[in-house]
Amino acid sequence: MSLEKETEEMIFIAAQRVFQAKGFEGARMQEIADEAGINKSMLHYYYRNKDKLFLEVFQTSMKKIMPGLFSILNSEVTLEEKVVQIVEFYYEMFKKNLLLPTFVIYEMNRNPERFKEFIASMDIQLPGLFAKQVKEAASSGKMMPIAPHHFLINVVSLCMMPVVARNMVQTLFSLDDEAYFTFLEERKLLIPKIIFSGVQPL
């Protein structure tokens, strides 16, 4: 890797840290330069303004979430295995990027039009195979009738809430960082059981 490419990557990683911690409005280019260990002039050489740098960080953040999720939904495994894989995917990603979900949710609410444009550019739609599996499970009597998008939101919400609300969870249950990560590992096993118990036929 060339020195120029290494510097650009170093700036991008620094920008991810600063933007995820402080959001677009709270972040300053000087902070990003300091985090990257370079001067501000060099930062502007690679990225002319904060908007351009932020857009790249936001798009990269979204690409960590959406393609991985939809790859699982499009796969040929059973519905039960998909839920297990989705939970595993989210928690492994969150362990490496704890600020990522809060950052993405905050910024897509701050600028919903940018989020809509980004999703449109990726041509993301609920995969037909996943929807078919949910409908077949309901029609065969394995679970109660439920729309595929409600089923998916149930899974994603149970994964994201303890991460987005990390401070609340740690405070309410008096968890230090080690205990918090143990709590997340426990939830990896619990969520699939909760999901399928909750959609048992009435």
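Residues numbered from 1 in each chain as written. Predicted model: local features only at pLDDT ≥ 70, side-chain atom pairs only at ≥ 80, totals over all residues. Heavy atoms only, no water.

### Section: the nonpolar core
With 64 residues, the main nonpolar core has F19, I32, Y90 and F151 as its most contacted residues. Take this core: its biggest share by element is 11 residues, from helix α4 (residues 50-73). Setting aside chain neighbours within four positions, we find F19 in contact with F24, A27, I32, K50, L53, F54, V57 and F103. (Core = buried A, V, L, I, M, F, W, Y, C linked by side-chain atoms within 4.5 Å. Buried < 20%, exposed > 50% of the residue type's maximum accessible area, 1.4 Å probe, protein only. Helix = DSSP H or I, 4+ residues; strand = E, 2+ residues; numbered from the N terminus. Contact = heavy atoms within 4.5 Å.)

### Observations concerning the environment of M108
Residue position: M108 is located in helix α6 (residues 100-110). Expressed as a C-alpha distance, the spacing of M108 and K132, which sit 24 residues apart in the sequence, is 29 Å. Contacts of M108, omitting those with residues within four sequence positions, involve F58 and F115.

### Points about a nonpolar patch on the surface
Together, M161, M168, L172 and F173 line one region of the surface with nonpolar side chains, adding up to about 430 Å² of accessible area. Topologically, M161 is positioned in helix α9 (residues 148-164). Of the residues examined, M161 reaches a relative accessible area of 44% and is grouped as partly exposed. (Patch = residues over 30% accessible without salt bridge, like charges linked within 9 Å, V, L, I, M, F, W, Y side chains within 5 Å. Areas by Shrake-Rupley, 256 points an atom, 1.4 Å probe, with all protein chains shown as cover. Salt bridge = Lys/Arg side-chain N within 4 Å of Asp/Glu carboxyl O.)

### Focus on α9
Compared with the 24 Å implied by 1.5 Å per residue over 17 residues, the 24 Å span of α9 between its first and last C-alpha is a close match. Of all the bends in α9, the greatest, near 30°, is centred on S157. The complete set of buried residues in α9 reads P148, F151, L152, V155, V156, C159, M160, P162 and V163. Against α4, α5 (79-96), α6, α8 (128-139), α10 (166-172) and α11 (177-198) lie the buried residues of α9. (Expected span 1.5 Å × (residues − 1). Bend = angle between axes of the 7 residues up to and from the residue.)

### Some remarks on α11
Given 3.6 residues per turn, any residue in an α-helix points the same way as the ones three and four places further on. Over its 22 residues, α11 extends 30 Å from the first C-alpha to the last, a length consistent with the 32 Å expected when each residue adds 1.5 Å. Of all bends in α11, the biggest is about 35°, found at L190, and the proline P192 comes one to four residues later. Those residues of α11 lying buried are Y180, F183, L184, R187, K188, I191, P192, I195 and F196. The elements touched by buried residues of α11 are α5, α9 and α10.

### Here's the deal with the packing of α4 against α6
Where α4 contacts α6, the axes come no closer than 10 Å and their chain directions differ by 120°. In terms of axis orientation, α4 runs oblique to α6. Both α4 and α6 take part in a crossing whose hand is left-handed. The residues of α6 that touch α4, namely those facing F54, V57, F58, S61, M62, K64 and I65, are L100, F103, V104, E107, M108 and R110. Considered class by class, the residues forming the contact of α4 with α6 number nine nonpolar, one polar and three charged. (Axes fitted to C-alpha atoms, helices over the stretch in contact; angles between N-to-C directions. Parallel < 35°, antiparallel > 145°, perpendicular 65-115°, else oblique. Left-handed = near helix turned anticlockwise from the far one by under 90°. Nonpolar A, V, L, I, M, F, W, Y, C, P; charged D, E, K, R; others polar.)

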